[in-house]
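Below, each chain spelled out in residue letters.
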Number of protein chains: 2
Amino acid sequence: MNVSPLEEYGLRCAVQLAALPRGESLSAPEIAEREGLSVEYVSKFMLLLRRGGLVRTIRGIKGGFLLAKAPSEIALKEVFDALKQPKKAPRGFCDSFSGKSETCVRSKGCSIRPFWETLSRHVEEFTTRITLQDLLQGEEVTRGKTRAIALEGASRLKEEISV
Amino acid sequence: MNVSPLEEYGLRCAVQLAALPRGESLSAPEIAEREGLSVEYVSKFMLLLRRGGLVRTIRGIKGGFLLAKAPSEIALKEVFDALKQPKKAPRGFCDSFSGKSETCVRSKGCSIRPFWETLSRHVEEFTTRITLQDLLQGEEVTRGKTRAIALEGASRLKEEISV
DNA sequence: TCAAAACAATACTTTTTTGTCCGGTTTAAA
DNA sequence: TTTAAACCGGACAAAAAAGTATTGTTTTGA
């Protein structure tokens, strides 16, 4: 239950692009310089982000990267999804079954799944609602928005319960 | 942002112990059998859980493992903490600074930290409040409790805001 | 007392992930 | 048309994590 380097650095690079004036681009060496990473490594993230449709590239000398959409249109979840390991499906509880068995031993009556599902849902809610724009606007806005999400989610729960 | 095998399997093994009648123990081969894991692997988890103070062991033939506390006294967070890699501090955003710099490049004005902190706090809230006992009691109870936690957290937020 | 079964702990192997390297293509400008 | 700077993308190396093996210690009971 932790953040992979790919996720952190990739998000940081995306934020760098989000901070640019609309229409401007940034080259890999420039991003690498700003984030203190190697150019090669940054290139790797950017390729993933491009394949995920979040970033457009300009080739040739004077080339670089820019966001494919406005920062306010890009949810953090999109960034994380783009950065996921290409082959590997993401691990949740119960996805994995252990070596000896053909399928999850507890396909039925799993004691862990309900907890895991609820938690995942909350995380997903956050990451789909917070955008690059929100991060740009800094601490105040991010905290404010997360509060709003929590409150709203809670009212929805209340309704579900009272029905 | 995913669950490590250690965390999942370790928690499962803990749940196996929680399901036992009070005072009874379970041997590594028995746990391994029930979870479809190798005995050696299970032993590894159990060692971590013991070092974390969550599990007591009985040595010798007829030996085994049992919880050191009542299932209702063991929060999931304790289990996860015990299973963390011994040396490695957990990765959060901003913990890591990249190769070239001595400290995090964005020690000040980090655009990612407030988001990350808020999310972590929520996750922590869940894992400290849900216990092994809750998992045992099944889907209904777990879902109900997670709802309650969400609602309560939201009211607290409301107070903070209105002050 | 001895053997069998179980925990203890560390070393080892395999797999996955992280991060780098390098030969290729594209494009702007001299 | 040549050159330099940048992206492309797969191969490769290094580090971390997952999972196994092994050797040793403890205890029960024949």
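Refer to the structure printed above.
All of the points below concern the structure found in this document. (Residues numbered from 1 in each chain as written. Chains lettered and ligands numbered in written order. Predicted model: local features only at pLDDT ≥ 70, side-chain atom pairs only at ≥ 80, totals over all residues. Heavy atoms only, no water.)

Concerning the packing of helix H4 (residues 76–83) of chain A against helix H5 (residues 113–129) of chain A
All names here are of chain A. In the contact formed by H4 and H5, the axes pass within 5 Å of each other and the chain directions differ by 105 degrees. By the angle between their axes, H4 is roughly perpendicular relative to H5. Along the contact surface, H4 presents Leu76, Lys77 and Phe80, while H5 presents Glu124, Thr127 and Thr128. The residue inventory of the contact of H4 with H5, partitioned by class, reads two nonpolar, two polar and two charged. (Axes fitted to C-alpha atoms, helices over the stretch in contact; angles between N-to-C directions. Helix = DSSP H or I, 4+ residues; strand = E, 2+ residues; numbered from the N terminus. Parallel < 35°, antiparallel > 145°, perpendicular 65-115°, else oblique. Contact = heavy atoms within 4.5 Å. Nonpolar A, V, L, I, M, F, W, Y, C, P; charged D, E, K, R; others polar.)

Things to note about the protein's contact with DNA strand C
Close to DNA strand C lie 26 residues; Ser38(A), Tyr41(A), Lys44(A), Arg59(A) and Arg50(B) are nearest. Close to the protein, within 4 Å, the atoms of DNA strand C belong to sugar or phosphate groups at a rate of 74%. Within the side chain of Lys44(A), one N or O atom sits 2.7 Å away from a base nitrogen of DNA strand C. Secondary structure elements with two or more residues in the surface near DNA strand C: helix H1 (5–18) and helix H3 (39–51) of chain A together with helix H2 (28–35), helix H3 (39–51), strand S1 (55–58) and strand S2 (64–67) of chain B. Across the surface near DNA strand C, the residue classes break down as ten nonpolar, nine polar and seven charged. (Near = heavy atom within 4 Å. Polar contact = N/O pair within 3.5 Å; in protein donor to acceptor, adjacent residues only side chain to side chain.)

Here's the deal with the protein's contact with DNA strand D
Of all residues adjacent to DNA strand D, which total 26 residues, the nearest are Arg50(A), Ser38(B), Tyr41(B), Lys44(B) and Arg59(B). Near the protein, within 4 Å, the atoms of DNA strand D are sugar or phosphate in 69% of cases. In the environment of DNA strand D, a phosphate oxygen lies 2.8 Å from a nitrogen or oxygen atom belonging to the backbone of Ala28(A). Note that a base oxygen of DNA strand D is positioned 2.7 Å from one of the side-chain N or O atoms of Arg59(B). Where the surface near DNA strand D is concerned, the elements lending two or more residues are helix H2 (28–35), H3, strand S1 (55–58) and strand S2 (64–67) of chain A together with helix H1 (5–18) and H3 of chain B. For the surface near DNA strand D, the class distribution of residues is ten nonpolar, nine polar and seven charged.

Observations concerning H4(A)
An α-helical segment advances 3.6 residues per turn. Residues three or four places apart therefore align on the same side. Along H4(A), the residues that are buried comprise Leu76(A), Val79(A), Phe80(A), Ala82(A) and Leu83(A). Down the axis of H4(A), the buried set is contained in an arc of 160 degrees. They therefore lie on one face. Elements in contact with the buried residues of H4(A): H1, H3, H5 and helix H6 (132–136) of chain A together with helix H5 (113–129) of chain B. (Buried < 20%, exposed > 50% of the residue type's maximum accessible area, 1.4 Å probe, protein only. Arc of directions from axis to C-beta.)

Considerations on the packing of H3(A) against H4(A)
All names here are of chain A. Their axes nearest at 8 Å, the elements H3 and H4 cross at an angle of 115 degrees. Looking at the two axes, H3 sits roughly perpendicular to H4. In this structure, H3 crosses over H4, and the sense of that crossing is right-handed. Seen from H3, the contacting residues are Phe45, Leu48 and Leu49; seen from H4, they are Val79, Ala82 and Leu83. (Left-handed = near helix turned anticlockwise from the far one by under 90°.)

Remarks on the environment of Gly63(B)
Within the secondary structure, Gly63(B) sits in the loop between S1 and S2. Residues within four places of Gly63(B) in sequence aside, it is in contact with Ser27(B) and Ile58(B).

Examining the pattern of salt bridges
All names here are of chain A. The final tally for this structure, using the stated rule, is ten salt bridges over all chains. The closest approach of N and O atoms between Glu78 and Lys69, which form a salt bridge, is 2.8 Å. The exposure class of Glu78 is partly exposed, given its relative accessible area of 28%. What makes Lys69 partly exposed here is its relative accessible area of 34%. Through salt bridges that share partners, Lys77, Asp81 and Lys84 make up one connected network. (Salt bridge = Lys/Arg side-chain N within 4 Å of Asp/Glu carboxyl O.)

Quick word on H3(A)
Residue and element names in this part refer to chain A. Compared with the 18 Å implied by 1.5 Å per residue over 13 residues, the 18 Å span of H3 between its first and last C-alpha is a close match. All buried positions along H3 are accounted for by Val42, Phe45, Met46, Leu48 and Leu49. Each buried residue of H3 sits inside an arc of 155 degrees when the element is viewed along its axis, so together they form one side. Every exposed residue of H3 that faces more than 90 degrees away from the buried side is listed here: Glu40, Lys44 and Arg51. Where H3 is buried, its residues touch H1, H2, S1, S2 and H4. Positive backbone phi, at 80 degrees, marks Gly53, one or two positions downstream of H3. (Expected span 1.5 Å × (residues − 1).)

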